[in-house]
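Close look at the chain arrangement
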Amino acid sequence: MTGWKGPALSAPVTLWLLLAFAAPLAVVILLSLQAGGDPFAPLIQPLSLAQFTEIAGDGFYFQVLSETILIGLATTAISAVLGYPLAYWLARMPVQWRALAFAVILIPLLTNVVVRSLGVMLLLSPDGLINSALRLVGLPTATRMLFTHGAVVVGLAQVFMPFMVIALYDTMQSTSPRVHEAAESLGAGPAIRFLTVDLPLSLPGLRSGTVIVFLMSTTAYVSATLLGGKKVMTIGMLVMQEAVANLNAPLASALAIVVTLTGLIFAGLCTWGLNRAMPWRAGKPGEPVSLPGWFVTLAETLGPTLSRLLLTASIGLLLLPLGLVVVQSVNDVPLATAAGFRGFTWKWYEQVLFGGSYTASFLVSLQLAVVSVLVALALATPAAFALARYPFAGRSALLAFWLLPLSLPQIVIGVGMLKLLQVYVAIPAFLGLVGIHVVIVLPFVIALLTTSVQALDRAQEEAADSLGAGPVRRFLMVTLPALAPGLFAAGVIGFLMSFGEVTVTSFLTTARMTTLPVRIYSEATTLEPTAHAISALLIVATVVTLWLVGRVVRLDKLYAR
């Protein structure tokens, strides 16, 4: 009888998520229903809608929410338009080159958001790359791109577009080549084949990517703060301000609930609308599409060129900001936000490597990432075996709960854990950070390890059994060595995610315990270009780490479901 093994192996990760994810969510809900904003008030109080009434009655909150939704919609639209050609390019890439091509989205995805936002600032600033190029060709410059809503949208698209690309790639790579051959045999050129075959079949990926990008972009505050200056306000920035600066956790929680519900309503509408565009998934026949001749001619004429332009723009948006940060790290300018090359210097690296000003923050980030990854691996390994080898009733619902941290706003978890740590539970700050970081990296680690467990050769374990090895010895001598590459890849990816995390960490750090990304974020607008030097070192470390991972696991398989 092995029916107990699946639930037993699933129990540790489920318990951790109940304590470090579900409990903060419950705290946020309770806080949002408090009448006052006393930071020392007990958690359990008579329920009240006072916070929601205040939000509904104040035009300022309505304006900020409206602007946040518009920013989220624009970010999602740009991510989809630029993500489609990139996902299509990756899906059609020969297998031997696909892993290398996947680095185009993995490098920025695993580089922390502060570094990427600094790069976008260098791209859009008055003396930045775009204006320098315009001056070079004699065109008028656009000196007011930075600190606008448009700058925030570009920054958020740079940060979240990889999630859209991954979602589209998942569906596009599964399209059979025979479908393409059938379309070509009916006279469809590349553009019409994309519009009539690839686009409809990719709608499930578009649905997932749209929901994820919208939810993340409407609750983001790091990029909005850096790229919007003090001229653009979003709900995520308000939540951070009320929770950390004003210590008004009930209002911050109510704002977080409002933006979460807004996101969930959008997700429902998006799912409903796109499902109606896919009648074949419900067993209903699709309507035949008849395209006018002029449109076919226009699409086949302009389509390939437009596709290449969009592909270039998407790759440029992902990688150019990182390249600018590296260049700026050797630029002799007075401030981190000053663009334009003034002269070569190594002094920012000397200050970072020998000045010691970042050492304490670096060590905090290093310790936090190492401990978080070790805990995540210890929890995820039995969970992966439960998913891969021991099916049990309710497994699908449990998996959905394990992946829930991917889709709910992280600021909600941050507000809830902040309240738990500050007032009600005497948990050391470092342990609280570990709890949250494990929650953030667990979905990715579980997905990677489950794929690795499914790929294990059961015949070797059966051979060990036949030779008399017990379960423990068989696991240590046969299973664990075979699983080592998967553990290494999952550990490295989890380490990079934890080391670069800043969104939730900003809620929980203290003056004595500030991580490196949070420190760069807090000083980014006034800091010396040492921020670029440490950012460049992080980029190089990410590239080298991915290269090492690529020698063990194909990079295009890292996010396989």
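Every value quoted in this text rests on a predicted model; they were computed, and no experiment measured them.

The rules behind each value
- Residues numbered from 1 in each chain as written.
- Predicted model: local features only at pLDDT ≥ 70, side-chain atom pairs only at ≥ 80, totals over all residues.
- Heavy atoms only, no water.
- Buried < 20%, exposed > 50% of the residue type's maximum accessible area, 1.4 Å probe, protein only.
- Helix = DSSP H or I, 4+ residues; strand = E, 2+ residues; numbered from the N terminus.
- Arc of directions from axis to C-beta.
- Contact = heavy atoms within 4.5 Å.
- Expected span 1.5 Å × (residues − 1).
- Core = buried A, V, L, I, M, F, W, Y, C linked by side-chain atoms within 4.5 Å.
- Axes fitted to C-alpha atoms, helices over the stretch in contact; angles between N-to-C directions.
- Parallel < 35°, antiparallel > 145°, perpendicular 65-115°, else oblique.
- Left-handed = near helix turned anticlockwise from the far one by under 90°.
- Nonpolar A, V, L, I, M, F, W, Y, C, P; charged D, E, K, R; others polar.
- Patch = residues over 30% accessible without salt bridge, like charges linked within 9 Å, V, L, I, M, F, W, Y side chains within 5 Å.
- Areas by Shrake-Rupley, 256 points an atom, 1.4 Å probe, with all protein chains shown as cover.
- Salt bridge = Lys/Arg side-chain N within 4 Å of Asp/Glu carboxyl O.

Observations regarding helix α15 (residues 347-354)
For α15, the complete set of buried residues consists of Trp 348, Tyr 349 and Val 352. Down the axis of α15, the buried set is contained in an arc of 95°. They therefore lie on one face. Each element contacted by the buried residues of α15 is listed here: α24 (530-550).

Considerations on helix α10 (residues 203-219)
Along its 17 residues, α10 runs 24 Å from first to last C-alpha, staying within 8% of the 24 Å computed at 1.5 Å per residue. Burial runs high along α10: 15 of the 17 residues are buried.

Here we look at the nonpolar core
When a protein is soluble and globular, its nonpolar side chains tend to lie buried together. Counting residues in hydrophobic clusters, the biggest one holds 166 residues, and the most contacted among them are Val 114, Val 239, Trp 402, Leu 442 and Phe 507. For this core, the element with the most residues is helix α7 (residues 149-172), which contributes 15 residues. Every residue in contact with Leu 442, bar those within four places of it in the chain, is listed here: Val 13, Trp 16, Leu 17, Ala 376, Leu 379 and Ala 380. Counting six residues, the second-largest nonpolar core is a separate cluster that includes Ala 188, Ala 191, Ile 192 and Ala 299.

Brief notes about the packing of helix α5 (residues 113-124) against α7
Where α5 meets α7, the closest approach of the two axes is 10 Å, and the angle between their N-to-C directions is 135°. It follows that α5 is oblique to α7 by the angle criterion. Crossing angle aside, the handedness with which α5 passes α7 is right-handed. Counted together, Val 113, Arg 116, Val 120 and Leu 124 of α5 and Ala 151, Val 154, Gly 155, Gln 158, Val 159, Phe 160 and Pro 162 of α7 form the full contact between these two elements. Here the residues of the contact of α5 with α7 sort into eight nonpolar, two polar and one charged.

Quick notes on a nonpolar patch on the surface
On the surface, Phe 488, Val 540, Val 544, Trp 547, Leu 548 and Val 552 cluster together into a nonpolar patch covering about 530 Å² of accessible area. With four residues, α24 is the single largest residue contributor to the nonpolar patch. Its place among the elements puts Leu 548 in helix α24. Leu 548 sits in the partly exposed class, given a relative accessible area of 39%.

Everything listed is a geometric property; what it means functionally is a separate question.
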